[in-house]
Amino acid sequence: MKKDPIDVIAYEPRWVEEGLSHAEAVAAALGPLALRVDHVGSTAVPGLAAKDVIDIQALVMRLEDEGIIAAMLGAGYRFRDSNTYDPPHPESPPALGEDDWRKLYFREAKGARRVHIHIRRNGAAAARNALLLRDFLRDDVPSRRDYGEFKMALAVKTRKDRDAYQAIKRPFISIALRSAESWAELTRWVPGAPDAYWRSAE
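Residues numbered from 1 in each chain as written. Predicted model: local features only at pLDDT ≥ 70, side-chain atom pairs only at ≥ 80, totals over all residues. Heavy atoms only, no water.

1. Some points on the overall build of the protein chain
A count of helices and strands for the protein chain gives five helices and seven strands. From first element to last, N terminus to C terminus, the protein chain shows the α and β order β-α-β-β-β-α-β-β-β-α-α-α. Relative to its length of 202 residues, the protein chain is compact, with a C-alpha radius of gyration of 16 Å against a globular reference of 17 Å. Along the three orthogonal principal directions, the C-alpha set of the protein chain runs to about 45 × 40 × 30 Å. When each of the 202 residues of the protein chain is scored for burial, the buried share is 44%. At a minimum sequence separation of 6, the contacts of the protein chain that also span at least 24 residues come to 73%. A total accessible area of about 10,500 Å² is found for the protein chain, and carbon and sulfur atoms account for 56% of it. Each charge class in the protein chain was averaged separately, 31 positive and 30 negative side chains, and the resulting centres sit 5 Å apart. (Helix = DSSP H or I, 4+ residues; strand = E, 2+ residues; numbered from the N terminus. Rg over C-alpha atoms; globule rule 2.2 N^0.38 Å. Buried < 20%, exposed > 50% of the residue type's maximum accessible area, 1.4 Å probe, protein only. Contact = heavy atoms within 4.5 Å. Areas by Shrake-Rupley, 256 points an atom, 1.4 Å probe, with all protein chains shown as cover. Lys, Arg positive; Asp, Glu negative; His and termini not counted. Charge placed at Lys NZ, Arg CZ, Asp CG, Glu CD.)

Written out as structure tokens, the structure is:
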């Protein structure tokens with residue numbers, strides 16, 4: 001993946017339906033193991049420039065549950081066991097200690113549309129951040145515009161250097177998260193209904 005060029009493009013309306021479709025597919029794969037599944041990341045924010053990659057977050061009770069990996073592999077997803085942590089954000093309220101940043105990470109089936117699937121423990125700081133930042137950027141037009149313009153300019157400068165892109169973007173994300181925390185306090189934000197969840201066949 002590190003050899004792939006970074007290509008940030010203008011918002012694509014198709015991302016909405018793609019995100020919901022992939023969230024439903026992950027929820028179906030995990031069944032009752034998943035508490036909620038959501039389309040997160042930049043493609044989940046209408047109007048925001050992004051890489052053409054759908055990010056899905058699934059929340060579970062325990063990352064150690066062996067059924068998670070088996071269920072995802074059984075649905076055709078590819079497990080990436082080298083990607084097990086999100087970089088901590090010191091400004092994020094701690095909740096679960098080490099589990100705030102741990103995750104299981106999967107990719108789409110071979111040959112399918114690019115999808116990144118992040119399975120995190122329910123209540124983890126990283127899980128909360130993903131939902132908070134998404135909802136904040138959906139609501140705050142100036143922040144959404146600034147973030148999109150920043151990413152497009154950064155992608156041009158670092159197109160062949162993914163590590164540099166991530167390193168330079170990270171402080172911007174920290175600033176955005178601080179703004180999002182203030183917004184959350186003012187609006188009394190709580191995560192809304194999930195994009196997908198397990199449904200009984202009955």
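Now that the structure is up, let's keep going.
2. Description of the packing of aromatic side chains
Counted by the stated rule, this structure contains five aromatic pairs. Seen in terms of ring centroids, Tyr 11 and Trp 15 are 5.4 Å apart; in terms of plane orientation they differ by 85°. Their pairing is edge-to-face. Taking the centre distance of 5.5 Å and the plane angle of 15° together, the rings of Tyr 147 and Phe 172 count as stacked. Residue Tyr 147 is found in helix H4 (residues 141-157), and its partner Phe 172 is found in helix H5 (residues 162-187); the two are separated by 25 residues along the sequence. (Phe/Tyr/Trp six-rings, centres within 6.5 Å; stacked < 30°, edge-to-face > 60°.)

3. Thoughts on the side chain of Arg 144
For Arg 144, the location among the structural elements is in helix H4. Salt bridges are absent for the buried Arg 144, whose nearest opposite-charge side chain, Asp 140, sits at 7.2 Å. Ignoring anything within four residues of it in the chain, the contact list for Arg 144 reads Val 45, Pro 46, Gly 47, Leu 48, Leu 137, Arg 138 and Asp 139. (Salt bridge = Lys/Arg side-chain N within 4 Å of Asp/Glu carboxyl O.)

4. Some details on the environment of Lys 103
If you trace the backbone, Lys 103 turns up in the loop between strand E5 (78-79) and strand E6 (104-107). Sequence spacing of Lys 103 and Asp 86 is 17 residues, and the spatial spacing of their C-alpha atoms is 7.3 Å. Within the local environment of Lys 103, its side chain forms a polar contact with the side chain of Asp 86, the two groups lying 2.9 Å apart. (Polar contact = N/O pair within 3.5 Å; in protein donor to acceptor, adjacent residues only side chain to side chain.)

5. Details of the nonpolar core
Among the nonpolar cores identified, the biggest contains 25 residues, and Val 26, Leu 30, Val 37, Ile 56, Met 72, Ile 117 and Ile 119 are the most heavily contacted of them. No other element matches helix H1 (residues 14-30), which puts six residues into this core. The next biggest cluster of nonpolar side chains, apart from the first, holds 17 residues, and it includes Leu 48, Ala 130, Leu 177 and Trp 183. (Core = buried A, V, L, I, M, F, W, Y, C linked by side-chain atoms within 4.5 Å.)

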